[in-house]
Amino acid sequence: QVQLVESGGGLVQPGGSLRLSCAASTSIFSFNYMGWHRQAPGKQRELVAVVSRGGTTNYTDSVKGRFTISRDIGKNTVYLQMIGLKPEDTAVYYCYAKGWAPDGYWGQGTQVTVSS
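Residues numbered from 1 in each chain as written. Predicted model: local features only at pLDDT ≥ 70, side-chain atom pairs only at ≥ 80, totals over all residues. Heavy atoms only, no water.

Peer 1: Lay out the packing of aromatic side chains with the relevant residues and their values.
Peer 2: Going through the model one piece at a time under the given rule, you end up with four aromatic pairs. Here the aromatic rings of tyrosine 33 and tyrosine 96 are separated by 6.2 Å at their centres, their planes lie at 45°, and the arrangement is tilted. Of this pair, tyrosine 33 sits in strand E4 (residues 33-39) while tyrosine 96 sits in strand E9 (residues 91-98); the two residues are 63 residues apart in sequence, bridging distant segments of the chain. The interplanar angle of 90° and the centroid separation of 6.2 Å between the aromatic rings of tyrosine 94 and tryptophan 106 together place this pair among those described as edge-to-face. Of this pair, tyrosine 94 sits in strand E9 while tryptophan 106 sits in strand E10 (residues 105-106), placing them 12 residues apart in sequence. Residue class for tyrosine 94 comes out buried when judged on its relative accessible area of 17%. Aromatic ring contacts, followed pair by pair, group Tyr33, Tyr94, Tyr96 and Trp106 into a single cluster. (Phe/Tyr/Trp six-rings, centres within 6.5 Å; stacked < 30°, edge-to-face > 60°. Helix = DSSP H or I, 4+ residues; strand = E, 2+ residues; numbered from the N terminus. Buried < 20%, exposed > 50% of the residue type's maximum accessible area, 1.4 Å probe, protein only.)

Listed below in structure tokens is the structure:
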């Protein structure tokens, strides 16, 4: 069974930065893609960023130019570097991994709060 362990969330002021980490229990090449989603209370879960097995990245419009998804193959880890954080970025951030099976895998989520 695949496990995804997230870390790096916390409380930051507007304009601040955070780096989220998602460590997988298996090679990240096991997956067709991995991504970060976020969900604020009362709102729908939103795809934030994704990286494919081949390294192609995509971002939702609201974070383009501010967030960067990257990976460390040797550490089986995917990162989300977030700069210029805004209050509207406040949410629980979830790591997700998808292979060939119908269902993918989710991390436990990590809270990101952007507030003065």
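Peer 1: With reference to specific residues and values, describe the side chain of threonine 110.
Peer 2: Looking at where threonine 110 falls in the secondary structure, it is placed in strand E11 (residues 110-114). In terms of polar contacts, threonine 110 uses its side chain to reach the backbone amide nitrogen of glycine 9, at 3.2 Å. Excluding its chain neighbours within four sequence positions, the residues that come into contact with threonine 110 are Glu6, Gly8, Gly9, Leu20, Ala91, Val92 and Tyr93. (Polar contact = N/O pair within 3.5 Å; in protein donor to acceptor, adjacent residues only side chain to side chain. Contact = heavy atoms within 4.5 Å.)

Peer 1: Can you break down the pairing of strand E8 (residues 77-82) residue by residue, with the values?
Peer 2: In terms of residue burial, E8 counts as a mostly covered element, since five of its six residues are buried. By the bridge criterion, six bridges tie strand E3 (residues 18-24) to E8 in an arrangement that is antiparallel. Across the sheet, residue leucine 20 finds its bridge partner in E8, namely leucine 80. Bridge count for strand E7 (residues 67-72) against E8 is six bridges, and the pairing is antiparallel. Among the inter-strand pairings, aspartate 72 is bridged to a residue of E8, identified as threonine 77. Between the antiparallel neighbours E7 and E8 lie four residues, among them asparagine 76 with a positive phi of about 50°. (Pairing = 2+ DSSP bridges.)

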